[in-house]
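# Chains, contacts and geometry: an overview
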Amino acid sequence: QLLQRLSQATGCDRVVDIGAGQGHLSRFLAFGLGLSVTAVEGDGRLVAAAERFDQELLRELGKLGGEGRPQRRRQNRHCHTPPPPLTPRPPRHLAGRLDPAAPWGDFLLPPDPPGPGPSTPNPLGGTPGGSPVLVTGLHACGDLSAALLRHFARSPSVAALASVPCCYMKLSTPWEAATCAPGYPLSASVASLAGHELSYRAREGACHALEGYTGRLATDSGGLRAHCYRAALETLIRAAAPGQKRPGVQLGRKAHALPFPQYARLGLPRVGLDPAAVALDSGAVGAMLEQQHKVVAFFSLMLLLAPLVETLILLDRLLYLREQGFQCTLVPLFDPQFSPRNLVLVAARTPLGAVLAGLAQDSSEDEDVGGTEPPREGQS
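Report on the accompanying structure. (Residues numbered from 1 in each chain as written. Predicted model: local features only at pLDDT ≥ 70, side-chain atom pairs only at ≥ 80, totals over all residues. Heavy atoms only, no water.)

### Regarding the overall build of the protein
Secondary structure assignment for the protein yields 12 helices and 9 strands. Considering the protein as a whole, with its 380 residues, one finds that 43% of them fall into the buried category. Partitioning the intrachain contacts of the protein with sequence separation of at least 6 by distance along the chain shows that 69% fall at a separation of at least 24. For the protein, the exposed area adds up to about 19,800 Å²; of that, 56% sits on carbon and sulfur atoms. (Helix = DSSP H or I, 4+ residues; strand = E, 2+ residues; numbered from the N terminus. Buried < 20%, exposed > 50% of the residue type's maximum accessible area, 1.4 Å probe, protein only. Contact = heavy atoms within 4.5 Å. Areas by Shrake-Rupley, 256 points an atom, 1.4 Å probe, with all protein chains shown as cover.)

What follows is the structure, given as structure tokens:
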């Protein structure tokens, strides 16, 4: 609804989706809304996967004769009119990474890993004086969201922007690394505040979902053990290799169900350590695992502060755009239990009143109609 209203209000039927991944959003905008979509993704493997999904959908549309969509078992509770038929208009996929320092017309770098063919340097398909486009970034990681805002601010061909960020811990900062274009802070207003610095731990905590974690606490979920396992494993890694910082070992959602020695034997090789050289059955390890309640208490306190950190980061971006003279706002687009990254930064070169009024009307209709399905558990 939001992107459709932005497209209508700005007269943009062309969308550039940055950080498109496997193209799920791009596919919906192209096939479902009939927009002309260019999907840009830095991982060439995801681009190939997105193109395969497009072809699968085209085959399904061919079976339907291209005139409709399969009958749904129940109406989507957020849609009060029948959805339009899907159109066989796939997105255009490009493999390339965003260069924050480059002009808009040349903002792509080679993909990672490199694709089989040359990447197109300009996804707008023309000069800044061409037809306007709408740029979106759904869960654009780290500095990618900040780069989108900078490109929007200096690119006249971009009429509007819709940005949903994630991975705040990957933001570059002037106090952690020398950079002329940090991901935080962006605005002069926040940069001038004393104590505006945010540590890596604070930014990492802002990525987690308070809504989902309260459910785990209420049911004393076995998943709470995961935080203690990670803390114990990181302690062992630092003891064996003091130079290792923030190893970020990911072993899957069910790994906490394993005995800790087996968990550690899976994790240590991922940071180049031999499990046989680390004592995994020692009394010290057992003492760490007995501190699970303290780890849970610490994590709970961190999550209580997480919304404050995320708010500061998002307001910094809002202020940056307003300092540049743009219309912009933050929209809580859906229930955070559906997805904790539910705040969309919307910006345009024209007034946003009509777009926001339409969203408010849709929200009131949702409240009147109600829903029969509970919200899905959020992702952290």
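Next comes the rest of the account.
### What to know about the sheet that holds strand 6 (residues 133-141)
The 7 strands are arranged 3-2-1-6-7-9-8 in an open sheet whose pairing can be described as mixed. In the strand order of this sheet, the two ends are held by strand 3 (92-95) and strand 8 (327-332), each with one partner. Neighbour-to-neighbour, the strand axes of this sheet turn through a mean angle of 15°, independent of strand direction. Pairing of strand 7 (residues 158-166) with strand 9 (residues 343-348) involves 4 bridges; the strand directions are antiparallel. Pairing of alanine 162 across the sheet is with valine 346, part of strand 9. Against the sheet, helix 1 (residues 2-10) makes contact with strand 6, strand 7 and strand 9, and its axis sits at roughly 160° relative to strand 7, the strand it touches most. (Pairing = 2+ DSSP bridges. Axes fitted to C-alpha atoms, helices over the stretch in contact; angles between N-to-C directions.)

### Digging into the side chain of aspartate 17
Looking at the element boundaries, aspartate 17 is found in strand 1 (residues 14-18). Despite its burial, aspartate 17 pairs with no opposite charge; the closest candidate is arginine 27, at 9.2 Å N-O. At 2.6 Å, the side chain of aspartate 17 forms a polar contact with the side chain of serine 26. Those residues in contact with aspartate 17 that lie beyond four places of it in its chain are Leu25, Ser26, Thr38, Ala39, Val40, Thr136, Gly137 and Leu138. (Lys, Arg positive; Asp, Glu negative; His and termini not counted. Salt bridge = Lys/Arg side-chain N within 4 Å of Asp/Glu carboxyl O. Polar contact = N/O pair within 3.5 Å; in protein donor to acceptor, adjacent residues only side chain to side chain.)

### Focus on helix 9 (residues 260-267)
Considered for burial, the residues of helix 9 that qualify are Phe260, Pro261, Tyr263, Ala264 and Gly267. Projection of helix 9 onto a plane perpendicular to its axis shows the buried side chains occupying an angular sector of 160°, all on one side. Those residues of helix 9 that are buried are in contact with helix 8 (225-240) and helix 10 (283-289). (Arc of directions from axis to C-beta.)

### Brief notes about the side chain of threonine 136
Looking at the element boundaries, threonine 136 is found in strand 6. On the basis of relative accessibility, which here comes to 4%, the residue threonine 136 falls in the buried class. Apart from the residues within four sequence positions on either side, threonine 136 is in contact with Leu3, Val15, Val16, Asp17, Ile18, Leu25 and Ala162.

### Description of the packing of helix 8 against helix 9
It is the contact of helix 8 with helix 9, at a shortest axis distance of 11 Å, that shows an interaxial angle of 55°. Compared by their axis directions, helix 8 and helix 9 come out oblique. Crossing geometry of helix 8 relative to helix 9 is assigned as right-handed. Listed contacts from helix 9 to Tyr229, Arg230, Ala232, Leu233 and Leu236 of helix 8 are Phe260, Tyr263, Ala264 and Gly267. (Parallel < 35°, antiparallel > 145°, perpendicular 65-115°, else oblique. Left-handed = near helix turned anticlockwise from the far one by under 90°.)

### Overview of a nonpolar patch on the surface
Taken together, the side chains of Leu333, Phe334 and Phe338 define a hydrophobic patch exposed on the protein surface, amounting to about 240 Å² of accessible area. Relative to the elements of secondary structure, phenylalanine 334 occurs in the loop between strand 8 and strand 9. Residue phenylalanine 334 is classed as partly exposed on the basis of its relative accessible area, which comes to 32%. (Patch = residues over 30% accessible without salt bridge, like charges linked within 9 Å, V, L, I, M, F, W, Y side chains within 5 Å.)

### So, the nonpolar core
In this structure, Val135, Leu148, Leu149, Phe152, Leu161 and Leu321 are the most contacted members of the largest nonpolar core, which totals 24 residues. Mapped by element, the contributors of at least two residues to this core are strand 1, strand 6, helix 4 (143-154), strand 7, helix 11 (292-323) and strand 9. Looking at this core element by element, the count peaks at 6 residues for helix 4. Aside from chain neighbours lying at most four places away, what touches leucine 161 is Leu6, Leu134, Val135, Leu148, Leu149, Phe152, Leu345, Val346 and Ala347. One finds Cys12, Leu35, Val346 and Val355 within the second-largest nonpolar core, a separate group that totals 21 residues. (Core = buried A, V, L, I, M, F, W, Y, C linked by side-chain atoms within 4.5 Å.)

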